[in-house]
Amino acid sequence: MIIDLPDTTASQVSKTLVRIRDEAGAVALGRVLTLIIASEIGEEEDVIAAANEASREHPMRIIVVSTDPAAATARLDAEIRVGGDAGASEVIVLRAHGGTATDLRGLVTGLLLPDAPVVSWWPGECPDAVCDTPLGRLAQRRITDAGAARDPHEALRRIAAGYRPGDTDFAWTRLTLWRAQLAAALDQPPYAAITAVEVSGAADSPSTSLLAAWLGLRLQVEVRVQVADASAAGGIHRVALHRDAGPIVLERIRPGVARLQQPGQPDHELSLPRRGLRECLAEELRRLDPDDEFGAVLASGFGAATVAQR
């Protein structure tokens, strides 16, 4: 069920939510958090779909704040989606035009679930120091996506410069499977020291930079980053961990599949899919404490990596 509220107010939206619960029996019981999504008008549906899918694991209230601050007329249009149109959540879409878009905190404060954690998500371009923004100040966790920015590496540098505990980024979340496979390979004999690391990936992949920084930080070795040309596939392509006993090589050989090569063992093909918005969002909502490892990688300044054009 979708209820349209054109030219409305945040107070009227809140009253309508109460009426829906009274009349239709839709309740907030079981909602574990409030997810605030900062979007632009016309770009809401993909992120709503991802949040609805993630809500099957994390029932929540989703508040989408879409803005058009350049509009000549100040106006707030809203939608409330419940039932089949909202997955396991209830979705509130606020489209703020003109001057209405200048007080985002005021728009959402009265719509937050009481006594529940708040997570804010910027699925596209994000502001500097999201912790200090109106929506960032409301949240225990703040999620960005450098890979969706016009300049992913510049976005990653800005995220690092403004980092506060509680911040995370989907460029880091997309590394979970790579990190797990590499850690598992290093847990097997022979337990020889790593002498050098090579990481290769697409030119526009911030995940490649983060993986190189993580490996350099934890292995305390030089990491060489090879940047593929523009015609190559996106994301991370290959990681080689060099040691005297022979290298460990993890390489994506086709979409969703990687090959693991280790000395003295047969090659293994592993499932290594590129993670979508739903998978990344669901993972980040499983924890509401600060991701200290991400913070340590950002604080390392990516200084252990040298970059080469391939």
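Note: the structure precedes this text.
Rules and cut-offs
- Numbering of residues starts from 1 in every chain and runs along the sequence as written.
- Restriction of local features to residues with pLDDT of at least 70 applies here, the model being predicted, together with a cutoff of 80 or more for giving and counting side-chain atom pairs; totals for whole chains, interfaces and linings are based on all residues.
- To obtain the side-chain values, all non-hydrogen atoms of the structure were used and water was disregarded.
- Pairs were defined over the aromatic rings of Phe, Tyr and Trp, the Trp ring being its six-membered one, requiring ring centres within 6.5 Å. Orientation was assigned from the angle between planes: stacked under 30 degrees, edge-to-face over 60, tilted for the rest.
- Only DSSP runs of H or I reaching four residues or more are called helices, and only runs of E reaching two or more are called strands; each is numbered from the N terminus.
- Under the scheme applied here, a residue whose accessible area is under 20% of the maximum for its type counts as buried, over 50% as exposed, and between as partly exposed, the area being computed with a 1.4 Å probe on protein chains only.
- Note on criteria: charge over ring means Lys NZ or Arg CZ within 6 Å of the ring centre, with the direction from the centre no more than 35 degrees off the ring normal.
- Whenever a pair of cysteine sulfur atoms sits within 2.5 Å, that pair is classed as a disulfide.
- By arc we mean the arc of the directions from the helix axis to the C-beta atoms, nothing more.
- The criterion used for residue contact is that any of the two residues' heavy atoms lie within 4.5 Å.

(A) Quick peek at the packing of aromatic side chains. For the structure shown, the criterion picks out 3 aromatic pairs. Relative to Phe-294, the ring of Tyr-163 lies with its centre 5.9 Å away and its plane at 80°, an arrangement referred to as edge-to-face. Separated by 131 residues along the polypeptide, Tyr-163 in the loop between α5 (152–161) and β8 (167–169) and Phe-294 in helix α10 (residues 292–299) bring together distant segments of the chain. A residue is classified by how much of its surface remains accessible, and Tyr-163, at 17% relative accessible area, is buried. Cluster of aromatic residues (ring-pair linked, three or more members): Tyr-163, Trp-172 and Phe-294. Directly above the ring of Trp-214 sits Arg-179, whose terminal nitrogen or CZ lies 4.9 Å from the centroid.

(B) Summary view of the environment of Ile-2. The residue Ile-2 is located in strand β1 (residues 2–5) in this model. Note on Ile-2: relative accessible area 43%, which makes it partly exposed. Along the sequence, Ile-2 and Cys-126 sit 124 residues apart, while their C-alpha atoms lie 29 Å from each other.

(C) Main features of the state of the cysteines. Evaluation of the coordinates by the stated rule reveals 0 disulfides. Take Cys-126: it sits in no disulfide, and the sulfur closest to it among the cysteines is that of Cys-131, at 13 Å. You can call Cys-126 buried: its relative accessible area is 10%. Between Cys-280, a free cysteine, and Cys-126, which holds the nearest cysteine sulfur, the sulfur-to-sulfur gap is 15 Å. Cys-280 gets classed as buried once you look at its relative accessible area, which sits at 0%.

(D) Focus on helix α7 (residues 176–186). If you check which residues of α7 are buried, you get Trp-178, Arg-179, Leu-182 and Ala-185. Down the axis, α7 shows its buried residues gathered within 130° of arc, on one side only. Check the buried side of α7 and you find it contacts α6 (170–173), α8 (206–219), β11 (236–243), β12 (248–254), β13 (257–261) and α10.

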